Amino acid sequence: APSSPSSPVANEPKYEKRWLDALSLPLSMARVSRCRAGADTFRSGAIQVQALDGVSSGPLQFHTAQERGDWLRAVSANISDLMLQNVKMANKCCSPCDQVVHMGWVSERLGGAGSSQTFRPRFLALKGSSFYVFVSPPVSTLDWVQAEKTYHLCEVLFKVHKLWLPDDCWAQASLSLGLQNPDSGDHGPFCFSVLVGHGGGHVFGVELGNELAAWELSFQRATFRAVQRTGSKTYPCSWQGATLCFTVDFALGFTCFDSKTKGVLWRFKFSQLKGSSDDGKARVKLLFQSLDTKQIETKELEFQDLTAVLHCIHSFMAAKVASVDPAFMHSQSITGRYMCSS
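Conventions we followed
Residues numbered from 1 in each chain as written. Predicted model: local features only at pLDDT ≥ 70, side-chain atom pairs only at ≥ 80, totals over all residues. Heavy atoms only, no water. Helix = DSSP H or I, 4+ residues; strand = E, 2+ residues; numbered from the N terminus. Expected span 1.5 Å × (residues − 1). Buried < 20%, exposed > 50% of the residue type's maximum accessible area, 1.4 Å probe, protein only. Contact = heavy atoms within 4.5 Å. Pairing = 2+ DSSP bridges. Axes fitted to C-alpha atoms, helices over the stretch in contact; angles between N-to-C directions. Phe/Tyr/Trp six-rings, centres within 6.5 Å; stacked < 30°, edge-to-face > 60°. Lys NZ or Arg CZ within 6 Å of the ring centre and 35° of its normal.

> Before we go on, may I ask you to explain helix H1 (residues 65-92) in this structure?
Helical geometry note: an α-helix holds 3.6 residues per turn, so side chains three or four residues apart project in the same direction. If you check H1, its first and last C-alpha atoms are 41 Å apart, about what 28 residues at 1.5 Å a residue would give, namely 40 Å. Taken as a whole, H1 has its buried residues at Arg68, Gly69, Leu72, Val75, Ser76, Ile79, Met83, Asn86, Val87 and Asn91. At its buried positions, H1 is contacted by strand S1 (31-33), strand S2 (46-50), strand S4 (100-110) and strand S5 (118-127).

> Even after reading the chapter, I still don't get the sheet that holds strand S14 (residues 264-268), so can you show me in this structure?
As a general point, the strands of a sheet are linked pairwise by backbone hydrogen bonds and lie either parallel or antiparallel. Spatial ordering of the open sheet is given by S14-S13-S12-S11-S17-S16-S15, a layout of seven strands whose pairing is antiparallel. This sheet does not close on itself; its edge strands, each paired only once, are S14 and strand S15 (273-278). Along the sheet, successive strands turn relative to each other by an average axial angle of 30°, direction set aside. Looking at chain direction, strand S13 (residues 253-258) and S14 are connected through four bridges and run antiparallel. Looking across to S14, one finds that Phe254 is bridged to Phe268.

> Help me out: how do you make sense of the packing of aromatic side chains in this one?
The relative placement of two aromatic rings is captured by the distance of their centres and the angle of their planes. Across all of its chains, the model carries 20 aromatic pairs by this definition. Ring geometry for Phe158 against Phe219: centres 4.9 Å apart, planes inclined by 35°, an arrangement best described as tilted. Here Phe158 is found in strand S8 (residues 157-162), whereas its partner Phe219 is found in helix H3 (residues 209-230), with 61 residues between them in sequence. Note on Phe158: relative accessible area 17%, which makes it buried. Taking the relative accessible area as the measure of exposure, Phe219 reaches 2% and is therefore buried. When the ring centre of Trp144 is taken as origin, the NZ or CZ atom of Lys127, which lies over that ring, is 5.1 Å away. Positioned above the aromatic ring of Phe250, the side-chain terminus of Lys320 is 4.8 Å from the ring centre.

> Explain the side chain of Ser33 to me, please; I cannot follow it from the model alone.
The topology assignment puts Ser33 in strand S1. With sequence-adjacent residues up to four places away left out, Ser33 is seen in contact with Ile47, Gln48 and Glu207.

> When you look at the pairing of S5 in this model, what are you seeing that I'm missing?
Of all ten residues in S5, seven are buried; the element is thus mostly enclosed. Where S4 meets S5, ten bridges bridge the pair, whose relative direction is antiparallel. Bridge assignment links Glu108 to a residue of S5, and that residue is Arg120. In this sheet, strand S6 (residues 130-134) lies alongside S5 in antiparallel orientation, the contact comprising five bridges.

Below is the structure:
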């Protein structure tokens, strides 16, 4: 009950409980991880949060893996919500054809298999028809031209590199999808590769399964939009001394024409491509089925950047199928089929 003003109790100091912050970190554009920077091992039962300005929480140790997982998911969820707000703000300044589809922090693996592997933080973004790799997040319009790497989405290939699946699912998944062994020692349980031109590529890792699923579906969606906006891609090529041009067109399919006379040598629809093989360097064989004779015709071409051309063919064909079957992209999602939660 309240004391009256004349009561001695009313004149005594009043105390109330308040939070006392040892450290306060803004989570907008922040990142959370279980791995030491530059290390290839995870801390047992610990996470670390680092703000955009570089201030770090240091290792936050938990008594159980369950506690660590709960906090990892909770902090990641807050960061994701704030990242979505940043995407919406960025898109207000972008044209409809240059919208941000997805962005966020990952860990990039350095060093190949069998060598000492280290990891570095990188910020990835899917915007318009481009895939960006940043050292630090873009916070202004001018920052978008400061990317460490930029690739055209039609010429990259996203590939789930590893999934951490229950034992009873792993055998089926590995056989049907060609996934690697979960004990192979890669960074973390959730990794993906982005393969680029001239046989190059990046391997990235994320902390949670829902992050991997988000990147996979975002790449599919962004690539589909990039193909529709681009419409067609033409590459110089050659065969038997002739200088040619090879075009992949979303509406027409494949066309090869003489670069000097512009005369069309041959043209096939996407549905007529029945197979392909390449030498891993410059030469590719494309197998087309004639609509009239039903016979297989082989067309051989040589490209300066064969990898980019093959990725482009893959992107356009996947987009073509997705345009007539809206469920196609979801059906192709490895994480969507084999991961129900983190």
